[in-house]
Amino acid sequence: MRRFLAAWGLLSVAYLLAAALSSWLLLNLLDLTYEAYAAWLLVPVVQAVAVATRPPRRPLLPPGRAPLFAAIPVGLAAAVVAGGLLRPANVTWGFLVPGSLQELLPRALALLAGAAFLAAAARSRRGRARLAALGALLLLLGLDAVRPFLESLPAEVLPKLNPFLGGLAVYGAVVVLLFVAALAAQRPLEDERPWAARLLGVSLAVTFAALLGALLQLFLHPWLERHWSLLVPAAASLAASLAAAAALAALVRTGDAA
């Protein structure tokens, strides 16, 4: 995931500069259409995937036995998400109903992941501060289920900006902080707890996909509405479940998993 994000960051800047410069030189204008915006989001991702998947590649599965108990939050999230996708207007399960189980699920999983990472930090031989930092951040985000604060955070932090720009700045900073903390915590896990490191990497990949989908929906383009709009919260719940699975796997060392 580190390799992909590094390639994506460089290619995104390069594509943006190349597209703007060529548009200005050839057409004497800047292309600000939705199609140009979507191309800027999608093309560097495809290029970065091609770069990141080139050899050398690690084995698909890490060594050691898989911690099967870590699959519990993933299975739970998959069942809840499937119910929400099949019955989007259901009062309990539906994605389209405010206050349903779909809103609570990722926050509850973040609480579980945060608590497990903090416990893993206490047992870890190295990288305790990194694991504890990630655990504390996930715990803070999960507390939104107990006392909601994320929705009002932009207005409280940047009250002078309009809601759109304030939300982009604040939530963007939270996402960057989450990726930095997760990538930093992944390094000490790779040697002692490879399954936890791999699950955390997959969680970041799904989180990135959810973020990309949210950015594509930023201007409410018609083709992204209806059932396609449900994929973003569904991916967020699966990403949270994978983070919880990684945190549970971090509680055991290689060879101790059942």
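Residues numbered from 1 in each chain as written. Predicted model: local features only at pLDDT ≥ 70, side-chain atom pairs only at ≥ 80, totals over all residues. Heavy atoms only, no water.

## A closer look at the packing of aromatic side chains
Applying the stated criterion across every chain yields a total of 4 aromatic pairs. Seen in terms of ring centroids, Tyr34 and Tyr37 are 6.0 Å apart; in terms of plane orientation they differ by 50 degrees. Their pairing is tilted. Of this pair, Tyr34 and Tyr37 are both found in helix 2 (residues 34–52), 3 residues apart, which corresponds to roughly one turn of the helix. With centroids separated by 6.5 Å and ring planes inclined at 50 degrees, the aromatic side chains of Tyr37 and Trp40 adopt a geometry described as tilted. Residue Tyr37 and its partner Trp40 are both found in helix 2; the two are separated by 3 residues, about one turn of the helix. In this structure Tyr37 comes out as buried when scored by relative accessible area, which is 18%. Trp40 sits in the partly exposed class, given a relative accessible area of 30%. Connected via pairs of aromatic rings, a cluster forms that spans Phe4, Trp8 and Phe208. (Phe/Tyr/Trp six-rings, centres within 6.5 Å; stacked < 30°, edge-to-face > 60°. Helix = DSSP H or I, 4+ residues; strand = E, 2+ residues; numbered from the N terminus. Buried < 20%, exposed > 50% of the residue type's maximum accessible area, 1.4 Å probe, protein only.)

## Points about the packing of helix 5 (residues 128–142) against helix 7 (residues 163–192)
Interaxial distance between helix 5 and helix 7 falls to 8 Å at its minimum, and their mutual angle equals 145 degrees. Between helix 5 and helix 7 the crossing geometry is left-handed. Along its contact with helix 5, which presents Arg130, Leu131, Leu134, Leu137, Leu138 and Leu141, the element helix 7 presents Val174, Leu177, Leu178, Ala181, Ala182, Ala184, Ala185, Arg187, Pro188 and Leu189. Residue composition of the contact of helix 5 with helix 7, by class: 14 nonpolar, no polar and 2 charged. (Axes fitted to C-alpha atoms, helices over the stretch in contact; angles between N-to-C directions. Left-handed = near helix turned anticlockwise from the far one by under 90°. Contact = heavy atoms within 4.5 Å. Nonpolar A, V, L, I, M, F, W, Y, C, P; charged D, E, K, R; others polar.)

## A closer look at the environment of Leu139
Relative to the elements of secondary structure, Leu139 occurs in helix 5. C-alpha of Leu139 to C-alpha of Leu183: the two residues are 44 residues apart in sequence and 17 Å apart in space. Setting aside chain neighbours within four positions, we find Leu139 in contact with Ala110, Leu111, Gly114, Ala115 and Leu118.

## Details of the packing of helix 8 (residues 194–216) against helix 9 (residues 231–249)
At a closest axis distance of 8 Å, the pairing of helix 8 and helix 9 adopts a crossing angle of 165 degrees. One finds that helix 8 runs roughly antiparallel with respect to helix 9. Crossing handedness for the pair helix 8 and helix 9: left-handed. Every residue of helix 9 that contacts helix 8 at Trp195, Ala196, Leu199, Leu200, Val202, Ser203, Val206, Thr207, Ala210, Gly213 and Ala214 is listed here: Val232, Ala235, Ala236, Leu238, Ala239, Leu242, Ala243, Ala245, Ala246 and Ala249. (Parallel < 35°, antiparallel > 145°, perpendicular 65-115°, else oblique.)

## Brief notes about helix 1 (residues 2–27)
When the terminal C-alpha atoms of helix 1 are compared, their 37 Å separation across 26 residues agrees well with the 38 Å that a helix rising 1.5 Å per residue should span. For helix 1, every residue scored as buried is listed here: Phe4, Leu5, Ala7, Ser12 and Ser23. Taken together, the buried residues of helix 1 touch helix 2, helix 7 and helix 8. Downstream of helix 1 by a residue or two, Asn28 has a phi angle that is positive, lying close to 60 degrees. (Expected span 1.5 Å × (residues − 1).)

## A look at the environment of Ser100
Among the secondary structure elements, Ser100 is positioned in the loop between helix 3 (71–86) and helix 4 (101–123). Along the primary structure Ser100 and Glu190 are separated by 90 residues, whereas in three dimensions their C-alpha atoms are 37 Å apart. Excluding residues that lie within four positions of it along the chain, Ser100 makes contacts with Val91, Thr92, Trp93 and Gly94.

## Here we look at the nonpolar core
The biggest cluster of nonpolar side chains holds 53 residues, and the ones touching the most others in it are Phe117, Leu134, Leu189 and Leu200. Elements with a contribution of two residues or more to this core: helix 1, helix 2, helix 3, helix 4, helix 5, helix 7, helix 8 and helix 9. A per-element tally of this core places helix 9 first, with 9 residues. What Leu134 contacts, discounting residues up to four positions off in sequence, is Phe117, Leu178, Ala181, Ala182, Ala185 and Leu200. (Core = buried A, V, L, I, M, F, W, Y, C linked by side-chain atoms within 4.5 Å.)

## Section: helix 5
Compared with an ideal rise of 1.5 Å per residue, which puts 15 residues at 21 Å, helix 5 spans 21 Å between its outermost C-alpha atoms and is within 8% of the ideal. For helix 5, every residue scored as buried is listed here: Leu131, Leu134, Gly135, Leu137, Leu138, Leu141 and Gly142. One side of helix 5 holds all its buried residues, which, seen down the axis, span an arc of 160 degrees. If you follow the buried residues of helix 5, they end up packed against helix 4, helix 7 and helix 8. (Arc of directions from axis to C-beta.)

Just geometry here; none of it tells us what the structure is for.
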